[in-house]
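Residue-level structure breakdown
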Amino acid sequence: MTKIMLYSAFAAYAASVLCYLLNVGLKRRSLQTVALLLVLIGFVIQTTQLGLRWNAAGFLPVTNLFATQFFFSWALAATYLYFELRYRIHASGLFVMFMNLLLLGSALPRDPQLPPLIPSLDTPLFTLHIIFSFVGYALFAMAFSLGVLYLFQRHIGAHQLPELSQLRKLNEEAIFLGFALFTLCMIAGSLWAYIAWGTYFSWNIKSVWSTLVWIFYAGMCHAKFIRRWQGSGYAWLSIAGFGVVLFTYLGIGLLLESNHPLE
Amino acid sequence: MATDKTFAQSLWSWCCSLKLTIVLASLATLLTMGGSLVMHFNPRVFSGMDMQVLNDWWQLRGADNLRLSWWLPAAGISSVLLALNTLCCLIDWLGKVKTRWRKSGEYCIHCGFILIVTAFCWGGFGGWRLPEQVLQVGQTLPLPELPGHYLRLDHFQPVIGDSGRPLDMLSDLSLLRGDLVLKQEQVKTNTPLIYGGLVVVPVSFGQRADGFRFATANGIIDLRQGAQLALADNGLDLQVLNFWPDAARSGAGQVVYRGDQLNNPAFEFVLSRAGQPLWRGWYLLREGLPQELRRHGVILRPTDPLGRYYSVLTANYDPGAYLALVGSVFIGVGVWLALFSFYYKRARGDRPDVA
Ligand code: HEM
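Computed from a prediction, not measured in an experiment: that's the story for all the values here.

**Considerations on the packing of aromatic side chains**
Here a ring pair, both rings aromatic, is described through the centre-centre distance and the interplanar angle of the planes. Under the definition given, this model contains 45 aromatic pairs over all chains. A ring pair is formed by phenylalanine 214 of chain B and tyrosine 283 of chain B, whose centres lie 6.3 Å apart and whose planes are at 40 degrees; its orientation type is tilted. Note that phenylalanine 214 of chain B is positioned in strand β7 (residues 198-216) and tyrosine 283 of chain B in strand β14 (residues 276-284), a separation of 69 residues in sequence. Members of the aromatic cluster, connected to one another through ring pairs, are Phe43, Phe71, Phe72, Trp74, Phe134, Tyr137, Phe140, Phe182, Phe216, Tyr217 and Tyr249 of chain A.

**Remarks on the interface of chain A and chain B**
Between chain A and chain B, the contact holds 50 residues from the first and 51 residues from the second. Both sides together, the interface formed by chain A and chain B hides about 4,500 Å², and carbon and sulfur atoms give 71% of it. Across the chain A-chain B interface, the total number found is zero salt bridges. For the pair chain A and chain B, the interface holds six residue pairs in polar contact (both at pLDDT 80 or more). Residue assignment for the side of chain A that touches chain B shows that the elements contributing at least two residues are α3 (65-87), α6 (164-197), α7 (205-223) and α8 (232-255) of chain A.

**Details of the coordination of the iron atom of the ligand**
Those donors, His222 of chain A (NE2) and His110 of chain B (NE2), are the protein atoms that reach the iron atom of the ligand, and they lie 1.8 Å from it. Its six donor atoms give the iron atom of the ligand angles of 85 to 178 degrees at the centre, a pattern that matches the octahedral case. Within this pair, whereas histidine 222 of chain A is found in helix α7, its partner histidine 110 of chain B is found in helix α8 (residues 104-126), the two belonging to separate chains. A relative accessible area of 18% means that histidine 222 of chain A is categorised as buried.

**Overview of the domain arrangement of chain A**
All names here are of chain A. Partitioning chain A into structural domains gives domain 1 (1-63 + 89-117) and domain 2 (118-263). Inter-centroid distance (C-alpha atoms) of domain 1 to domain 2 is 21 Å. If you look at the interface, domain 1 gives 15 residues, while domain 2 gives 20 residues. Carbon and sulfur atoms supply 78% of the area buried between domain 1 and domain 2, which totals about 1,500 Å² over both sides. It is Ile89, Phe95 and Leu117 that lose the most area in domain 1 upon contact with domain 2, and together they represent 35% of the buried surface on that side. Where domain 1 packs against domain 2, one counts zero salt bridges. The interface formed by domain 1 and domain 2 holds zero residue pairs in polar contact (both at pLDDT 80 or more) in total. Where the side of domain 1 that touches domain 2 is concerned, the elements lending two or more residues are α1 (2-26) and α4 (93-107). For the side of domain 1 that touches domain 2, the leading source of residues is α4, giving three residues. For the side of domain 1 that touches domain 2, the class distribution of residues is 11 nonpolar, three polar and one charged.

**Considering the sheet that holds strand β9 (residues 228-231) of chain B**
Residues and elements named next belong to chain B. With respect to topology, four strands assemble into an open sheet ordered β9-β10-β13-β14, the strand pairing being antiparallel. For this open sheet the edge positions go to β9 and β14, each flanked by a neighbour on one side alone. Adjacent strand axes in the sheet meet at a mean angle of 25 degrees, parallel and antiparallel pairs treated alike. The sheet contact formed by strand β10 (residues 236-244) and strand β13 (residues 266-273) spans eight bridges and is antiparallel. Bridging across to β13, phenylalanine 243 finds its partner in phenylalanine 267.

**Considering the site of the ligand**
Taken together, 24 residues lie around the ligand, and His222 and Lys224 of chain A together with Cys89, His110 and Lys345 of chain B are the ones closest in. Nearby residues around the ligand are contributed by chains A and B. Lysine 224 of chain A is positioned with one of its side-chain polar atoms (N or O) 2.3 Å from an oxygen atom of the ligand. Between the ligand and the protein, one listed contact pairs an oxygen atom with a side-chain N or O atom of lysine 103 of chain B at 3.3 Å. Per-element tally for the shell around the ligand: the top contributor is α8 of chain B, with five residues. Here the residues of the shell around the ligand are counted per class, giving 13 nonpolar, six polar and five charged.

Thresholds applied
- Residues numbered from 1 in each chain as written.
- Chains lettered and ligands numbered in written order.
- Predicted model: local features only at pLDDT ≥ 70, side-chain atom pairs only at ≥ 80, totals over all residues.
- Heavy atoms only, no water.
- Phe/Tyr/Trp six-rings, centres within 6.5 Å; stacked < 30°, edge-to-face > 60°.
- Helix = DSSP H or I, 4+ residues; strand = E, 2+ residues; numbered from the N terminus.
- Contact = heavy atoms within 4.5 Å.
- Buried area = accessible area lost by both parts, 1.4 Å probe.
- Salt bridge = Lys/Arg side-chain N within 4 Å of Asp/Glu carboxyl O.
- Polar contact = N/O pair within 3.5 Å; in protein donor to acceptor, adjacent residues only side chain to side chain.
- Donors = N, O, S within 2.8 Å, 3.2 Å for Na, K, Ca; no water.
- Tetrahedral: all angles 85-135°; square planar, octahedral: opposite > 155°, others 65-115°.
- Buried < 20%, exposed > 50% of the residue type's maximum accessible area, 1.4 Å probe, protein only.
- Domains from an automatic or database assignment.
- Nonpolar A, V, L, I, M, F, W, Y, C, P; charged D, E, K, R; others polar.
- Pairing = 2+ DSSP bridges.
- Axes fitted to C-alpha atoms, helices over the stretch in contact; angles between N-to-C directions.
- Near = heavy atom within 4 Å.

As structure tokens, this is what we get:
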């Protein structure tokens, strides 16, 4: 059942990417509508699956790499839908959903078994920490996509993409929202660390890099007020920032060994 | 329109400048990025950082390894300067709050950041940690940095899952000042004992052999240090003076203590009649019952070891913890306010001011 739902969501997202891609050549409005519908279908399947897994486990299942990739992908789809339904960013969906496809695709070969819950993770603070962290990450991924699209629009140009000023505005919004949610993730995480280990900050590499992610995006919240960093500068910062996020989320676990409770 | 600023005004503008913020934040970020990798690849120097507060670790390790650790004070100074920069900004805003009150959310975040940096420094210099303290039931642990204060383990109960996996450890703990109980708490995973800036969390637990179960002529009996066994008919009394989980006989025939792991358990007994000692000596279980005891008709057949759980706890004292909590409340509230004001500004079509 898990695998069927997983592959169905993947197929829906893959089909939506295909529609967005065809739309680049054929420029049909209907293709955009179908693509959006497919994303919605994929998202509903993923939401149902997440609900079922949560119900079966009795806790939000985000304690191994498969589960976090799945949740990240769900959050990215939700983020995209928010921007699409609110601002009608249409063709920008190609890049975002392609990223989501890579994310969900890399989770497919992994074992979807629900792992038992380590007692220290059995607290609502952990659940909040994870929800805010991955929704924040998804918004940073969205900002990364918008940054890439901004640079593409600026240097190559495509009339199906939103205007530069719109892309810039959306990028700033994604960064601000991401920062706000990531801040809540850091607060929940610090409170949890305090009751679980007696300190609200630990000198392990994952905690240090999470703080760096926070400081980086706090800096970005200000960079938009400085002329030199507006536009392209901001787009490049969004790309660099997502590099920091990826290293914190995946790099530390895969390249280095961490003693963070989730690695 | 252009007016010449005085030196003091220029200095204040510089202290409040956003460009300075970006420079300091970038500096702190880059130094910590590099430093975190140095940390990761030099566990010999850095792995104990969480065992002590920052200042103690610096005195013990950091200062002696400056080649590897210089980035830490550099990043620390950048962060403190960033907090001062934020403070200047906040003061500047407070002066204009009547016209700029809509930015309250943003400035709540700024205020929270200043409080957290202050709290972190306070904790790093004024706190202390006692990592991994072993405590047996009934035992007290003095807190050396809080004279007259003790932790006492009143009861301990492990929670073991169906598969035999330990799930939790329930330590009934009392914090005492002299004889006065200041706080009692059942400490378990995610439920510490918190009192002032003191927080006590469970780390692990174990079991230590502290006696043996024996079959005697009159049934089963448990012998631990201090136990007394009245031998039925002949008015004899056997008292346990000592129990060692691992002991050995030296060349001179003396019994020596070897450790806490159950290996070669030994009892020191005294045999008496009407309060008059008849014999005192060691019974090493592996050697069999001493001749003297057998002669007096004592029958003891060891069956199982007896164990007593102990709890391993960590005690941390961070005088800045409450300030950090207040800071995080400021940041949390500020984030929500800033979210509203962000969309409010967007709705009014505001663009960011350009510095
Ligand atoms: C690490 C510390 C800091 C954090 C976490 C932080 C966070 C934030 C956030 C989240 C915003 C809202 C941005 C937005 O509307 O998109 C903001 C705005 C702002 N911050 Fe900071 N900030 C920090 C330090 C500073 C410092 C040092 C200054 C002073 C130079 C400063 C000055 C400002 C200003 C002027 C605004 C814009 C308010 C407005 O006009 O909307 N911040 N800050």
